[in-house]
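# Architecture at a glance
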Amino acid sequence: MTEERSMREFSYQELDYFFEHEDFVEVHGKRFWKPFVEKPIDGDNHSIMIYYPSSAGGGMKELFRKVGNRSSEFHPEVRRVRREGSYIYEEFMHTGGTDVKVYTVGPEYAHAEARKSPVVDGVVMRNPDGKEVRYPVLLTPAEKQMARDVCLAFRQAVCGFDLLRCEGRSYVCDVNGWSFVKNSYKYYDDAACVLRKLFFDAKAPHLSSTIPPSLPWKVNEPTQASEGLTRQGSGIIETSGQSEELRCVIAVIRHGDRTPKQKVKLKVTEEKLLNLMLKYNGGRPRAETKLKSAVQLQDLLDATRILVPRTRSGRESDSDAEDIEHAEKLRQVKAVLEEGGHFSGIYRKVQLKPLKWVKVQRNNDEAEEERPIEALMVLKYGGVLTHAGRKQAEELGRYFRNHMYPGEGTGLLRLHSTYRHDLKIYSSDEGRVQMSAAAFAKGLLDLEGQLTPILVSLVSKDSSMLDGLENASSEMEEAKARLHEIINSVQNPAKSNRRAEFPWMVDGAGLPANARSLLPKMYKLIKKITEQVKQLAKDKEEEFSMTSSYDVLPPYDQAKALGKINIDVDRIAAGLPCGSEGFLLMFARWKKLERDLYNERKDRFDITQIPDVYDSCKYDLLHNAHLNLEGLTELFKVAQFLADGVIPNEYGINPKQKLVIGSKIARRLLGKILIDLRNTREEAISVAELKFGDGNTAMIQRSRKEDSDQHPRQTHKLEDARRNSFTSEKSLDPDDDEDKETKYRLDPKYANVRTPERHVRTRLYFTSESHIHSFMNVLRYCNLDESLQHEDSLIYHSALERLFKTRELDYMSYIVLRMFENTEVLLEDPKRFRIEMTFSRGADLSTLEEPNNDADAALLHQEHTLPIKGPERLQDVGAYLTFEMMEKMLRPFAMPAEDFPQPPIPHPQAFSKSAGVLERWLNLWPFHKHASANK
């Protein structure tokens, strides 16, 4: 952990070595990127600040000594550091939402307790007696050495300090001195034993070795429950008459409801914009520039305001058409940049790419240099998580907490707090996905407050695993081209479906027979909507020009909107669109759909625009129903009918192509999920070894022999790892002493839980539609691969039929894999570990299409939120999918360890450290084909 100091002789003194920027501070030439921690140099001042990057929404969280049930407060509007004193700046440690308090009594004894970190939501968890809830935990050998070092260095035998556990390492962040455990019989009994030994060592060393280590009256006394805590649920469920325990929950989840994604493209020749491009690309005339930060976007807005015409031209001749369109696009860029309050790369970004250059003579120099004279500007915006999306994600998190962990219920929170719940949350790079993950975590762990601190503390970005379609771009283009052919062909795809064994096996399955004839109808309805929105924009512009309505409504702030789960009542009452979108941008959205869907000159429909039309219809029908746009409901039904056929076929025109595209897009994700399942099994076997000891030796040896026959080069490494490090995702390299330590475990003797060895692994992967479809297609069709001929599908026939009829995997759709262990069978029995697969198609559109009753319609009108459908089985009742079969079926499509690229150096602005993650995967992967002997 690095740190730097900012020293002032008096308040607000300007320091010549201290500079503040949007996402970092620079002290003595060293940059500290947000999130960072700001601590007063005065040790008695406990006002500690954490500053968050704009990519996570910005803002500041203040930590302080507990006041009632609060230990911190989040301030979304504070973005600048303090200047009234002297401070220490440190890196922010990602601890997974838990702190460890350590108390020593002499250098040979340390007691440790885990508690919920104040960084996450600032709510203090208390038991019925009003005490803060803490759980005794085991320290690793390295942490015990830290306790000894702290005790000796500070010359304080009775000492307390705080540990932060981050990415497999531990850091001391605070030393309190003369500090005691608040409420623990164990601590005071141990302290008495330590003091007794000190006295005997000093005065009667010849008797010291004869004294028992425990107190006389505690020898045969059973451990007493403390603090009135009771276990909620046993964690055991009954399945087909057999007892099973949940070991792992893996979920791939799509983000929540969002605004429509938008893009503005225009060629620019204006010198102000070209100079701006050069300013931020290092003066390289042929280099592309990306503008995302607040400073960059503000510069662009300032330039655009100067360039946008004050009034619209009255000329409408063909010769002026391009100029008029260019001015309209500049006006749209200006409107986008002006909306939303604080700039942030989480909401919008601009690309400037040089297209043409000329050579010009340098000033006061005979030499020539290149200068760009034309560039392509691409503004991407929209796609922002709505209040409805956040609410959906939170509610789904609560659903998981109450239904995905059998026998636990609200006990999941205690499972998590006691290091028996190994939780990791991953997200793609997209803002809507990150915020969905944070909102879900809030519901899952029953947190409070805004999303930014939760996002930074608990969510890890992994764009290489959860972003992008580049790996399958050519195959997807091929599928779209074939889709065009099918829709425009004379042959009716519905007739082909009847001839196939299964309706989903033919090319273009699911496309409506009259798709070609529906396109003109769709185009006509879009034009009708566009004209209405254009008129609304004109009417509102006139109304606002004559009234002070602009002064009544505050500007829409996207950063503050992240904290909302309610609709914008004031905007709706004023007759404005819901959210941040004004009528100008709403008109631009529909006009672009109109232009892109149909090319009049070529007389050609672009079917790839159908999903965007469907998204816009769905959004306005849900959030802008109060505008009463005529024809919107009819357009929604047409668009939905077409989208149900088009969207699934964009990821492959038939099952075999779906499998190819799915495996290319989700290859890395599939590899990570197999690692998750394998690690869970290895950990469960390790627990069995520790629990049964020598009595189970023969059974364990048989299981080891089976593993060694299948994976001889991995056997010794995995067996060593089982004994020493079955709770960590760090490298299982037996030569790495640190990684052989038992990681982060509950103290079983004093933990006051019935099953201290119980451990559940949860891995949550938040992503976009492409990865949901890709992952599902591999599950559906993996048996079609040549290497797996004659195997049945992982998904049973009835579920395949249901998926074919479902087609759309809407907002908050999810796929869940749960691993159960049957502890009553031998370790080598294939039925020891079972995989259960379920899915949900996400948002329930039935209430949007036709509300079941007036109450549903009223609720939809008041909250603008669609409920999430519950999970459906992907296997028949009573079916038994073993771990071995799951692994066999998915392995051909998953990225093996040797193909994972070397982990990149994380960008300093990244809000979750990920260096070394892929290295650890390499060592955990059981099928490493080139494992070296020294590993």
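Report on the accompanying structure. No experiment lies behind these values; they were computed from the predicted model shown.

## What to know about the nonpolar core
If you look at the biggest cluster of nonpolar residues, it comprises 52 residues, and the most contacted ones within it are Met-522, Trp-590 and Leu-635. When contributions to this core are tallied by element, the ones reaching two or more residues are helix H12 (473-488), helix H14 (515-546), helix H18 (583-597), helix H19 (610-623), helix H20 (632-650) and helix H21 (655-665). Of the residues forming this core, the biggest block, 10 residues, is contributed by H14. Setting aside chain neighbours within four positions, we find Trp-590 in contact with Ile-526, Ile-529, Thr-530, Val-533, Ser-616, Cys-617, Asp-620, Leu-632 and Leu-635.

## Some details on the side chain of Arg-134
Among the secondary structure elements, Arg-134 is positioned in the loop between strand E11 (110-116) and strand E12 (135-138). In this structure the side chain of Arg-134 is engaged in a polar contact, spanning 2.8 Å, whose partner is the side chain of Tyr-103. Dropping the residues within four chain positions of it, Arg-134 is found in contact with Lys-66, Lys-101, Tyr-103, Glu-113, Ala-114 and Arg-115.

## Comments concerning the sheet that holds strand E2 (residues 18-20)
The strand order E2-E3-E4 describes an open sheet built from three strands, whose pairing is antiparallel. Each end of this open sheet is capped by a strand with a single partner; those strands are E2 and strand E4 (30-33). Each neighbouring strand pair of the sheet contributes to a mean axis angle of 20°, computed without reference to strand direction. Summarising the sheet, E2 and strand E3 (residues 24-27) pair through three bridges and their orientation is antiparallel. Paired with Phe-19 across the two strands is Glu-26, which belongs to E3.

## Some remarks on the sheet that holds strand E5 (residues 36-40)
Read from one edge to the other, the open sheet built from six strands follows the order E1-E9-E5-E6-E7-E8, with strand pairing classed as antiparallel. Each edge of the open sheet carries a strand with a single partner, namely strand E1 (3-6) and strand E8 (70-75). Taken over all neighbouring pairs, the strand axes of this sheet differ in orientation by 25° on average, direction set aside. Summarising the sheet, strand E6 (residues 48-51) and strand E7 (residues 60-67) pair through four bridges and their orientation is antiparallel. Bridged to Met-49 within E7 is Glu-62.

## Things to note about the packing of aromatic side chains
For the coordinates displayed, the defined rule picks out 18 aromatic pairs. Here Phe-18 and Tyr-89 contribute two aromatic rings whose centre-to-centre distance is 5.8 Å and whose plane-to-plane angle is 40°, an arrangement assigned as tilted. Highlighted residues: Phe-18 in strand E2 and Tyr-89 in strand E9 (residues 87-91), separated in sequence by 71 residues. By relative accessible area, which is 8% here, Phe-18 ends up buried. Taken together, a centroid distance of 5.1 Å and an interplanar angle of 5° make the contact between Phe-502 and Trp-504 stacked. Classification of Trp-504 by relative accessible area gives buried; the value is 6%. A cation sits over an aromatic face here: Lys-618 above Tyr-811, 4.6 Å from the ring centre. Here the basic side chain of Lys-831 rests over the ring of Tyr-880, its NZ or CZ set 5.5 Å away from the ring centre.

## Overview of helix H7 (residues 387-403)
Since one α-helical turn is 3.6 residues long, residues separated by three or four positions face the same way. With 17 residues, H7 should cover 24 Å at 1.5 Å per step; its first-to-last C-alpha distance of 24 Å lies within 8% of that length. With 12 of 17 residues buried, H7 lies mostly within the body of the structure. Within H7, the full set of buried residues consists of His-387, Ala-388, Gly-389, Arg-390, Lys-391, Gln-392, Ala-393, Glu-394, Leu-396, Gly-397, Phe-400 and Arg-401.

The rules behind each value
- Residues numbered from 1 in each chain as written.
- Predicted model: local features only at pLDDT ≥ 70, side-chain atom pairs only at ≥ 80, totals over all residues.
- Heavy atoms only, no water.
- Core = buried A, V, L, I, M, F, W, Y, C linked by side-chain atoms within 4.5 Å.
- Buried < 20%, exposed > 50% of the residue type's maximum accessible area, 1.4 Å probe, protein only.
- Helix = DSSP H or I, 4+ residues; strand = E, 2+ residues; numbered from the N terminus.
- Contact = heavy atoms within 4.5 Å.
- Polar contact = N/O pair within 3.5 Å; in protein donor to acceptor, adjacent residues only side chain to side chain.
- Pairing = 2+ DSSP bridges.
- Axes fitted to C-alpha atoms, helices over the stretch in contact; angles between N-to-C directions.
- Phe/Tyr/Trp six-rings, centres within 6.5 Å; stacked < 30°, edge-to-face > 60°.
- Lys NZ or Arg CZ within 6 Å of the ring centre and 35° of its normal.
- Expected span 1.5 Å × (residues − 1).

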